[in-house]
Amino acid sequence: MDKKLLQAAIDSIRVLSAEAVEKAKSGHPGTPLGAAPIAATLFGECMKHNPADPSFFDRDRFILSAGHASTMLYTSLHVSGYDITKGDLLSFRQLRSKLPGHPEYGVTPGVETSTGPLGQGIANAVGFALAEKILASRFNKPGLPLVDHYTYAFCGDGCMMEGLEYEAAALAGVWKLGKLIVIYDKNDITIEGRISDTTAENIAERHKAQGWQVLEVADGNDTDAVKAALEFAKTDADRPTLIVVRTIIGYGSSKADSASCHGAPLGEEALASLKTSLGWKEQPFTAKKEVAAFKADVCAKGAAAQADWNKIVRAYKNAYPEEYKEFSAWTKGKLPDFATDEDFVNNIPTGDDATRNHSGKLLNYLAGRLHNLVGGSADLGPSNMTVMKDRGYFSADNTDGTNIHFGVREQAMASVCNGLYLHGGFLPYCSTFFVFADYLKGSVRMSALMDIPVLYVLSHDSIGVGEDGPTHQPVEQLVMLRSVPNLRVWRPCDGTETAAAYASHFKLRHPSAIVTSRQKLRAASGTSVAGSLKGAYILVDSEKTVPDVILMGSGSEVNLLVDARALLKEKGVDARVVSVPCMEEFDAQSSAYRESVMPNAVRARVAVEAGSSYCWGKYVGLDGATVCKDDFGESAPANILFEINRFTANDVAAAALKSIKKAAKS
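Presented here is a report on the structure given in the accompanying data block. Keep in mind that what you see is a predicted model, and the values were worked out from it rather than measured.

### Some remarks on the nonpolar core
- Core analysis: the biggest nonpolar cluster contains 77 residues, and Leu130, Trp175, Leu180, Val182, Leu242, Tyr456 and Leu481 have the highest contact counts within it.
- At 12 residues, helix α5 (residues 120–139) tops the list of elements feeding residues into this core.
- Setting aside chain neighbours within four positions, we find Trp175 in contact with Val126, Leu130, Lys133, Phe394, Ala396, Ile404, His405, Phe406 and Val416.
- In this structure, Cys46, Val111, Phe154 and Ile181 belong to the second largest nonpolar core, which totals 52 residues.

### Side note on unusual backbone geometry
- Here Asp257, not a glycine, exhibits a phi torsion of approximately 60 degrees, which is positive.
- Locating Asp257 in the fold gives a position in the loop between β7 (241–246) and α10 (268–278).
- Judged by its relative accessible area of 36%, Asp257 falls in the partly exposed class.

### Notes on the layout of surface pockets
- Here the largest pocket defines a volume of roughly 720 Å³.
- Around the largest pocket, the lining comprises 42 residues; the ones closest to its centre are Thr331, Tyr421, His423, Gly424 and Gly425.
- Looking at the lining of the largest pocket, the elements with two or more residues in it are β1 (61–64), α3 (70–80), α12 (321–332) and α16 (410–423).
- At five residues, α12 tops the list of elements feeding residues into the lining of the largest pocket.
- Residue composition of the lining of the largest pocket, by class: 20 nonpolar, 12 polar and 10 charged.

### Notes on helix α9 (residues 223–233)
- If you check which residues of α9 are buried, you get Thr223, Val226, Ala229, Leu230 and Ala233. Projection of α9 onto a plane perpendicular to its axis shows the buried side chains occupying an angular sector of 125 degrees, all on one side.
- Its buried side turned inward, α9 meets α1 (3–24), α2 (30–46), β2 (151–156), β3 (180–186), β6 (213–217) and β7.

### A word on the side chain of Glu584
- Here Glu584 is to be found in helix α22 (residues 583–587).
- We note that Glu584 is buried and unpaired, the nearest opposite charge coming from Arg482 at a distance of 5.0 Å.

### Digging into the sheet that holds strand β8 (residues 373–377)
- The parallel open sheet is built from six strands, whose spatial order is β9-β8-β10-β11-β13-β12. Every other strand in the sheet has two partners, leaving β9 (403–405) and β12 (488–490) as the edge strands with one partner each. Between one strand axis and the next, the sheet turns through 20 degrees on average, direction left out of account.
- The pairing of β8 with strand β10 (residues 427–433) spans five bridges and is classified as parallel. For Ser377, the partnering residue across the bridge sits in β10 and is Ser431.
- On the sheet, helix α14 (residues 355–369) packs against β8, β10 and β11 (455–459) and is oriented at approximately 150 degrees with respect to β8.
- Where α16 meets the sheet, it contacts β8, β9, β10 and β11, and its direction lies at approximately 170 degrees from that of β10.

Rules used throughout
Numbering of residues starts from 1 in every chain and runs along the sequence as written. Per-residue local features of the predicted model are confined to residues with pLDDT of at least 70, and side-chain atom pairs are confined, for both listing and counting, to 80 or more; whole-chain, interface and lining totals are unaffected and use all residues. The side-chain figures draw on all heavy atoms in the structure; neither hydrogens nor water molecules are used. We call a set of buried Ala, Val, Leu, Ile, Met, Phe, Trp, Tyr and Cys residues a nonpolar core when their side-chain atoms join them within 4.5 Å. Type-normalised accessible area, obtained with a 1.4 Å probe on protein chains alone, sets the label of each residue: buried when under 20%, exposed when over 50%, and partly exposed for intermediate values. Secondary structure elements follow DSSP: runs of H or I no shorter than four residues count as helices, runs of E no shorter than two count as strands, and numbering proceeds from the N terminus. Pairs of residues are marked as contacts when any of their non-hydrogen atoms sit within 4.5 Å. Only protein atoms enter the 1 Å grid used here, on which a cavity is any set of points holding a 1.4 Å probe that cannot leave and a pocket is any open set flanked by protein within 12 Å on both sides along at least five of seven lines; residues with an atom within 4 Å of a point are listed as lining. Grid points are joined across faces, edges and corners, and a volume is the space filled by probe spheres set on the points. Each residue receives one of three labels: charged for Asp, Glu, Lys and Arg, nonpolar for Ala, Val, Leu, Ile, Met, Phe, Trp, Tyr, Cys and Pro, and polar for the others, Gly being one of them. Directions are taken from the helix axis to each C-beta atom, and the arc is the one they span. Under the convention used here, Asp and Glu are negative, Lys and Arg are positive, and both His and the chain ends fall outside the count. By convention in these notes, a salt bridge is any Lys or Arg side-chain nitrogen within 4 Å of a carboxyl oxygen on Asp or Glu. A strand pair is defined by DSSP finding two or more bridges across the two strands. The convention used is that axes are lines fitted to C-alpha atoms, helices contributing only their stretch in contact, and that angles between N-to-C directions extend from 0 to 180 degrees.

Shown next as structure tokens:
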């Protein structure tokens, strides 16, 4: 590309970024000013992408892990020809703008994933690169590379400080993800000042130790050196590449090389001096006239790249029709409605068993139906029951495997699964002990924020863990996950409800957490898939039109409700038992349905769950009671813990009688 065109794009990215931040009166101008030459070189000369079709499947993916530098991404997309207008730039960070403060998946064309929490983007990028490697291994044929693209991630000093980046980089190295290229914008500045105050780590050497190729560019303004490094990175097919690029934050402004330009507008005076230093004479929010030619060049190369891929697709389809059919099923196929699928229903596990075992049987059944199901555990697969028995394990030497060893890396595991889904072609799941959902939280939140259907299978759900003690006994984790918008949290009581959880996940396509028991549970009578799909349903109804009390709960406590109902019946009290496997689905039902299950006229209610009581208040009301666990557990056999913590039929019945008396006085 002509140097004048490239420089015009660089200057435009710098000024338009600073102007957008200035107008919004908030944002992060420093990184765009320093790293604009990297972005312009990547989008203009090195990356395979088509601005006219941002979803072109074999495109290179670009992920801005340093999501605070969003204006650099938006202006790079703008000058490259994506559907981002001057009006969009003027609306940066405003209500319902196409250009939100940090990149958001599904909002801006060209944005592959939501980023902002530092480190998440690079872990997502590992998932993208893993997806490319598995798909390429599975489908590519000699002379017909159906899947052949790179994943680029842009990270800053802050990303490199996050433990998540360490976890993800370790996985990328051992998996030999040679098509992952990470650009490390090393300007040595964070919000509080120089990174020398907080770290003495040699990032380059650390990545080398993790199995990466490491390249260095001494001056980020040297676009020839940047381009050479990006091209050289592709020569190593086995190692992911880290390109360390030295830049100056706030380059060209009077605030250059200082923390003051990291997360605040430059100010009118500094913005004016920036324009002077760059020889800028354009009207506000107007790119240099040479950018039109830059844009035309990028768009022409993108259209040609997609046309070339379309030729490969046509040839592949003719030569390998069955493989192409499978590829299409993986990348854009529709899933069965398992709730009404006769074969699935016939394979629902029955009998007394731990729900983790029911889950394992269902997962393995689904693995036979869904060939692009991929996932694993944070070193707990045999305990979580999440190993697909007829599948191999993915490794650098076995790229066809779809079981994944994540090692003890919970947060990276979840973030990698986000990347696997966002890349396209996979139905990802991951697993660990439920108590370690705390480690997953940041990545689970990103799944939910993007509303992407990553499945979390979390076993050992309560004090039923027993002798491992309070460090491994989840108490508050149900409340934590239930508070996350878009996330469906399932705590099934038997094989039928566990099957409903899986059926719901693959039908509704939201992120889901299926929380399962370690201990064996008695098979419940009367459970149903149809009822479970509504989140809560009447398991055992009262004999009266209006029950005296409603007993509700989930998971291992559902049979406890049934036993308590029998005790109450001996005392002349008529109780209704309601199983609540998924609060989120119940709350989404019509008011008429919710009233039919939990009529407002019945104020006497008891909620029973071996976890925190916090989320049950909306159901039990002022006169209701909870038999829950609001403190930490102890190390002891599970049966003893349930008894001393009031999880007995007698305790539930006593709570019901108290609630009835309280309601009668109201």
